[in-house]
Amino acid sequence: MTARSIAWVAALGAAALAGYAGLAGMRSGEGEPWASRVVYACDQRKAVIVEGVRSDEKLPPAKAQRVADLLTDLMRYCKEEITATIALDETITVEANGRVFHDYVPGGPLPIAKVSFGEPTPREEQIWKAELDKLVAEGDRLFHSDEIGTNGVACAMCHPNASNTHPETYPKFQTQLKKVALLRDMVNWCILNPLEGPELAENDPKMKALEAYILASRRGVALEAGKH
Amino acid sequence: MMRTRNRAASACWSVFALTLLLVGAPARAEELTIALPAGVLAPIIPAENPLTKEKVELGKKLYFDGRLSVDGTVSCATCHDPRHGFAEPRPVSIGVGGAKGVRNAPTAFDAAFLATQFWDGRAATLEEQAKGPITNPVEMAMPDEAAVEAKIAGLPEYGPLFEKAFGDSKVTIDRIAQAIASFERTLVDVEAPIDRFVAGDANAISEAAKRGWELFNGKARCNTCHGHVSAYPLFTDDLFHNIGVAAKDVNFEALAGKIASHPEDLDKLSHEPGINQLGRFIVTKEHKDIGAFKTPHLRNVALTAPYMHDGSEATLEAVIEFYDKGGNPNPWLDGGMRPLALTPQEKADLVEVMKTFTSDGMARFAPLAELMPKP
Amino acid sequence: MAINLTPKELERELRERSPDAERMIRSLQNCDRRHFLKVTARFAAMVAAAGVIQPQSFQLVNVANAAPAPGENPEVLFRFAYISDSHLFARGMTHRFAKGLIKAVDDVNAIDPQPDFILYGGDLAQLGRADELMLGQQILSGLKAPVKMMVGEHDWFLDMGAKWREMFGPDVYSFDHKGVHFVVLNSVQEEDFWTAKGYTPEQRMNIVAGLDDARQSRFEVGEEQRDWLAKDLAKVDKKTPVIVFSHSPLYKYYEPWNFWTKDAEQVQALLFPFETVTVIHGHTHQLLTNRIKNISFHGMLSTAWPWPYAPQGLPEYTVQMFRSDPFNQFDGLGDGTVDVLEGGAANKHYALWNRNPRTVSYADLAKNTLVGPRGHAGPSY
């Protein structure tokens, strides 16, 4: 929409409000928490709920202006259905795409897509997660098995639930290797030494699986490369 | 390319520095810097002993001077012999009057880098170390430090040298030690084929040595204690480990039971037959240090046979065999020791790679060998 | 022998020393030549200043664990040793776990004089197999002093303890020794999780063998055993010291790893009425200390591998071991002894391999004044 048409819509909206309020001429419900009224934009997809004003009541001018400004602002998101609520204390809560954003300031960014192409579909996300879970499960299996080494020791014996692996601290100087190492360097060292098994090639699927399991178990831990 | 230029530059600088030493530059107290390749951490020099040409010159003279010993026959160089990598070619060092010690004297070369001196680390600096053998009855056997000072003060050629180095001709044991330490700080080189190989020159070492390097850092498990770190390429972790060198001949419990009779005289304990095998425990009295000895650095290791604190392994091959069997079992054996199951080829490759730890520029130290007494 | 310090010198040396070091210096003043190394005052002060030597830790294996002669150091009534959590595979004597158990047997055999008995803390086998248990029995048969066996989950869940009971006798029993009442529990019972799923015995064992395997149930002592315990304790005077041997900790530390006993509160309730109670437990493979009211809890070291400290739930009394070095196959492992004092309290000694030993004394535990080797109790990594 062009700026002109937005302004035109806003003006129409405001006029409609003013007109309605004038027709009604009823006592104000301002300040009453149980009272709220809804104002729609012309596309019927944007709504503003004003708390403290009864549904049949005229909006005071200042509040009306606020509603209009807010509707105009939300009209940026052409195709979305958005509901905003102006609370008694004047804070604005916006609900869009099933997500809620508090303390919204008109003009500020709303992290919802203005357009819908490019976003992964739920189905895609499901497939990606299934593939990752499969690799993590394989890593989990290897991590707990005795097939990586030759002496029966499993990684999980010293690292239950992959604890004490600290993958978020790599790269760091690894004192056993006497050089700065990545996670997979240390995995290989552990395979060679405590597990007495043959090292894995760096692009070996088993190495990837083990790394996936270790990293997945430390999801959310802040990266602190170099921390010993 | 930058690197080669720096290496050439540093080699030149070292030669220049040494030439000045040998030729005898005019007397000025100018501070020397030890030239090292880029990225290598410099050895720590105590603030109270800044390195000067004059001190180095004095130290060199003292290092080779048998008169520091009671009968004039034993100098620092006797056991830290420039003809043998500045180390001891006999299993244990022999002092005045044929007194047999219990240690194979470690190499003085590159010792400037190390965190501690002596096999049990009881000296924190080269200065501290230098004082030990002079008054040790099985080494240079001077009765006490005062006797050393008096003897050197009584030698006329030293007066001017002390004056140039320290400002006046007063002879103190500390000055003697500082001068010797200063000289030892010039016995430094960390540029060997292995360093070039690690830095990326694929042709620096043979194929056998390359295989050996893989083993050194892999199956043979050497690098965790003897690691090459580019900032500190000494092949030592500066820590103490019980690898069971003399363990089969020794009863640690009985020995430690005797130790309290003279707990503070660490020099004496470290040379006492039997007790000395307690190693680092003598210094720290910590349970975990029983029978533990310092990880020696491996620079020039091919030149410094025999090996281990008691010189019990005569060759590099013997050392590999020792590690291959997992050392000698004893209750305090370091848990990092274990049988390695090396094949004969792997053992040979490991020996090959250790030979690449010998510095390229050792020739410039050859003139020092000329200072040894002729047989 | 005597320390030749004037009282003023002694006080000066003792000022600001750790409580352990202070106790050592004071005890050295009364020491007997036979059992303690000859020490000069300055040496004692030196080691105290280093702060690294605890009273029992200075000595070598045979001297360290020497029980004092009667009349000397009258606090210690007797001493027992412990070896625990060996997790043997039946892969011969050169397998690293077998080497660990052999090392522990050598350690305990070198103690002079010998401890009164040795507690084996459970998990002798890794997968509960007969050949694993037999290997363990073979190695333990090298011990000179008598052995009291206790079962762990790795011994039990292949055949629900059939082989264990055949080889070692009842899994639950009690005995009295020098005025102390000892109870040995099977605290690794699990609610049946296998029948409904149709798991084979091997599958059941493998699931239980996984510390982080959530398919198993939580450990418990169980109602039957609690009944037995209540009856057993009913015969014991409340003033009699009680020492409980248990594989699971008998308190709640970290549920996902079964560092946990489901009915811990009920078991503790049976123990609270007694004046002095000590629990010695296995399973956790780490230096671990706790105290709940009048009960002290001490974990035993493993001879096979160390567990890391759990992400949460660590009792505040514990002064942690520093993270172990995987290059060193014995790091973080060991065996140890327990000194039972007059009055029944216990000092727990950890003979850590390749590290300085550590003693957790009853006195410090009761006052919550345990400090680490560097003088602070904080976590070390």
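In this convention, every chain numbers its residues from 1, walking through the sequence in written order. All chains are assigned letters beginning at A, and all ligands numbers beginning at 1, according to the order in which they are written. Side-chain atom pairs in this predicted model are given and counted only at pLDDT of 80 or more, local residue features only at pLDDT of at least 70, and totals for whole chains, interfaces and linings cover all residues. Only hydrogens and water are set aside when side-chain values are computed; all heavy atoms of the structure are taken into account.

Asks: Summarise the overall build of chain A; cite the residues concerned and give the values.
Replies: Counting secondary structure elements, chain A contains six helices and seven strands. We count a stretch as a helix when DSSP gives it H or I for four or more residues in a row; a strand needs E for two or more, and each element gets its number in order from the N terminus. In sequence order, chain A lays out its α and β elements as α-β-β-α-β-β-β-α-α-β-β-α-α. Looking at the 228 residues of chain A, the share that counts as buried comes to 40%. Taking all contacts inside chain A whose residues are at least 6 apart in sequence as the whole, residues at least 24 apart take part in 50%. Methods summary: accessible areas were calculated by the Shrake-Rupley approach with a probe of 1.4 Å, and residue burial reflects only the protein chains presented. Of the roughly 12800 Å² that chain A leaves accessible, carbon and sulfur atoms contribute 58%. Relative accessibility thresholds used throughout: buried, under 20% of the residue-type maximum; exposed, over 50%; partly exposed, between the two (1.4 Å probe, protein chains only). Pairs of residues are marked as contacts when any of their non-hydrogen atoms sit within 4.5 Å.

Asks: Report on the overall build of chain C, specifying residues and quantitative values.
Replies: Looking only at helices and strands, one finds twelve helices and twelve strands in chain C. Going through the 381 residues of chain C one by one, you find that 62% of them count as buried. Of all intrachain contacts in chain C linking residues separated by at least 6 positions in sequence, the fraction that spans at least 24 positions is 71%. If you sum the accessible surface of chain C, you get close to 14500 Å²; carbon and sulfur atoms cover 51% of it.

Asks: Let's hear about helix H13 (residues 316-324) of chain B: which residues, and what values?
Replies: What H13(B) keeps buried is the set B:Leu316, B:Val319, B:Ile320, B:Phe322 and B:Asp324. Turning to H13(B), the residues buried within the fold contact helix H14 (344-355) of chain B.

Asks: Lay out the packing of helix H2 (residues 53-63) of chain B against helix H7 (residues 173-184) of chain B with the relevant residues and their values.
Replies: All names here are of chain B. Two numbers describe how H2 lies on H7: the axes approach to 7 Å, and their chain directions differ by 100 degrees. Relative to H7, H2 is oriented roughly perpendicular. Contact residues: Lys 55, Val 56, Leu 58, Gly 59, Lys 60, Leu 62 and Tyr 63 in H2; Ile 176, Ala 179, Ile 180, Ser 182, Phe 183 and Glu 184 in H7. Here the nonpolar group is Ala, Val, Leu, Ile, Met, Phe, Trp, Tyr, Cys and Pro; Asp, Glu, Lys and Arg are the charged ones; every other residue, Gly included, is treated as polar. Along the lines of polarity and charge, the residues of the contact of H2 with H7 split into eight nonpolar, two polar and three charged. Here, axes are lines fitted to C-alpha atoms. For helices the fit covers the stretch in contact, and angles between N-to-C directions go from 0 to 180 degrees. Orientation labels follow simple angle bins: below 35 degrees gives roughly parallel, above 145 gives roughly antiparallel, 65 to 115 gives roughly perpendicular, and whatever is left gives oblique.

Asks: Hey, could you go over the pattern of salt bridges for me, with residue numbers and the actual values?
Replies: A pair can form between side chains of opposite charge whenever their charged atoms are brought close. When a carboxyl oxygen of Asp or Glu is within 4 Å of a side-chain nitrogen of Lys or Arg, the pair counts as a salt bridge. This structure, assessed with the given rule, holds 47 salt bridges over all chains. Across the salt bridge formed by C:Glu166 and C:Lys163, the nearest N and O atoms sit 3.2 Å from each other. With a gap of three residues between them, C:Glu166 and C:Lys163 both fall in helix H8 (residues 162-168), about one helical turn apart. C:Glu166 sits in the exposed class, given a relative accessible area of 60%. Among the charged side chains, a salt-bridge network with shared partners connects B:Lys61, B:Asp65, B:Arg67 and B:Glu157.

Asks: Go over the sheet that holds strand E9 (residues 295-299) of chain C with me, naming the residues and quoting the values.
Replies: In a beta sheet, neighbouring strands are held together by backbone hydrogen bonds and run either parallel or antiparallel to one another. All names here are of chain C. Strands pair, by our definition, only if DSSP identifies at least two bridges between them. Taken together, six strands build an open sheet; the order of strands is E4-E5-E6-E7-E9-E8 and the sheet is mixed. Of all strands in the sheet, those with a lone pairing partner are strand E4 (173-177) and strand E8 (289-292), marking the two edges. The sheet shows a mean angle of 20 degrees between the axes of neighbouring strands, direction not considered. Where strand E7 (residues 277-281) meets E9, five bridges bridge the pair, whose relative direction is parallel. What sits directly across from Thr 278, in E9, is Ser 296.

Asks: Kindly report on the interface of chain C and chain A, identifying the contributing residues and their values.
Replies: For interface size, the figure often reported is the accessible area lost on association. Across the contact, 18 residues belong to chain C and 22 residues belong to chain A. Joining two parts hides part of their accessible area as seen by a 1.4 Å probe, and the buried area is that hidden amount summed over both. For the pairing of chain C and chain A, the buried interface totals around 1600 Å² over both sides, and the portion due to carbon and sulfur atoms is 57%. In terms of surface lost to chain A, no three residues of chain C exceed C:Asp212, C:Arg323 and C:Pro326, which account for 34% of the buried area on that side. The interface formed by chain C and chain A includes zero salt bridges.

Asks: Which residues make up the environment of A:Gly107, and what values go with them?
Replies: You can see A:Gly107 is positioned in the loop between strand E5 (99-101) and helix H3 (122-144). Excluding residues that lie within four positions of it along the chain, A:Gly107 makes contacts with A:Asp73 and A:Arg76.

Asks: Which residues make up the pairing of strand E11 (residues 346-352) of chain C, and what are the values?
Replies: All names here are of chain C. The element E11 is extensively covered by neighbouring structure, given that seven of its seven residues are classed as buried. The alternating pattern of E11 places Ala 346, Lys 348, Tyr 350 and Leu 352 on one face and Asn 347, His 349 and Ala 351 on the opposite face, and all of these are buried. What sits between strand E10 (residues 334-341) and E11 in their antiparallel hairpin is a turn of four residues, with Gly 343 showing a positive phi close to 95 degrees. Where E11 meets strand E12 (residues 358-360), three bridges bridge the pair, whose relative direction is antiparallel. Paired with Lys 348 across the strands is Val 360, a residue of E12. Counted along the chain from E11 to the antiparallel partner E12, the turn is five residues long, and its residue Asn 354 has a positive phi close to 60 degrees.

Asks: An account of unusual backbone geometry is requested, with residue identities and associated values reported.
Replies: For the bond from B:Ala305 to B:Pro306, the omega torsion is -5 degrees, close enough to zero to count as cis. Position of B:Pro306 among the secondary structure elements: in the loop between strand E2 (293-294) and H13. A cis amide bond links C:Asp112 to the next residue, C:Pro113, at an omega of -5 degrees. Along the chain, the position of C:Pro113 falls in the loop between helix H5 (96-109) and strand E2 (118-120). Despite not being glycine, B:Arg221 shows a phi value in the positive range, around 60 degrees. The residue B:Arg221 is located in the loop between helix H9 (207-216) and strand E1 (240-241) in this model. The phi torsion at C:Asn354 lies on the positive side, around 60 degrees, for a residue other than glycine. Among the structural elements, C:Asn354 can be located in the loop between E11 and E12.

Asks: So what about the confidence of the model for chain A? Which residues, and what values?
Replies: Residue and element names in this part refer to chain A. For chain A, per-residue confidence averages 85 on the pLDDT scale, and 83% of positions sit at 70 or higher. Helix H6 (residues 205-217) holds the highest mean pLDDT among the elements of chain A, 97, whereas helix H1 (residues 3-24) holds the lowest, 56. A low-confidence stretch, residues 21-27 (pLDDT under 50), is modelled with seven contacts involving residues beyond four sequence positions or located in other chains. A score between 0 and 100, pLDDT records how confident the predictor is in each residue.

Asks: Could you give an account of the sheet that holds strand E3 (residues 147-149) of chain C, with specific residues and numbers?
Replies: Residue and element names in this part refer to chain C. Within the open sheet, the six strands sit side by side as E3-E2-E1-E10-E11-E12. Their pairing is mixed. In the strand order of this sheet, the two ends are held by E3 and E12, each with one partner. Adjacent strand axes in the sheet meet at a mean angle of 25 degrees, parallel and antiparallel pairs treated alike. In terms of strand pairing, E2 meets E3 through three bridges, oriented parallel. Opposite Leu 119, over in E3, you have Lys 148 as the bridge partner. Relative to strand E1 (residues 76-83), H5 is tilted by about 160 degrees, and along the sheet it contacts E1, E2 and E10.

Asks: Can you tell me about the packing of aromatic side chains, naming the residues and giving the values?
Replies: Aromatic ring pairs: the centre-centre distance and the angle between the two ring planes describe each pair. All names here are of chain C. Between 30 and 60 degrees the pair is tilted, below 30 it is stacked and above 60 it is edge-to-face, where a pair is any two Phe, Tyr or Trp rings, Trp via its six-membered ring, whose centres lie within 6.5 Å. Overall, the coordinates contain 40 aromatic pairs over all chains when judged by the stated rule. Note on Phe 182 and Phe 245: the rings are 5.4 Å apart at their centroids and 45 degrees apart in plane angle, and the pair reads as tilted. With Phe 182 in strand E5 (residues 180-184) and Phe 245 in strand E6 (residues 242-246), this pair connects stretches of sequence that are 63 residues apart. Overall, the relative accessible area of 0% leaves Phe 245 in the buried class. Counting every residue linked through ring pairs, the aromatic cluster contains Phe 78, Phe 80, Phe 117, Tyr 173, Phe 175, Phe 182 and Phe 245. Either the NZ atom of lysine or the CZ atom of arginine qualifies as a charge over a ring when it sits within 6 Å of the ring centre and within 35 degrees of the ring normal. Positioned above the aromatic ring of Trp 353, the side-chain terminus of Lys 103 is 5.3 Å from the ring centre.

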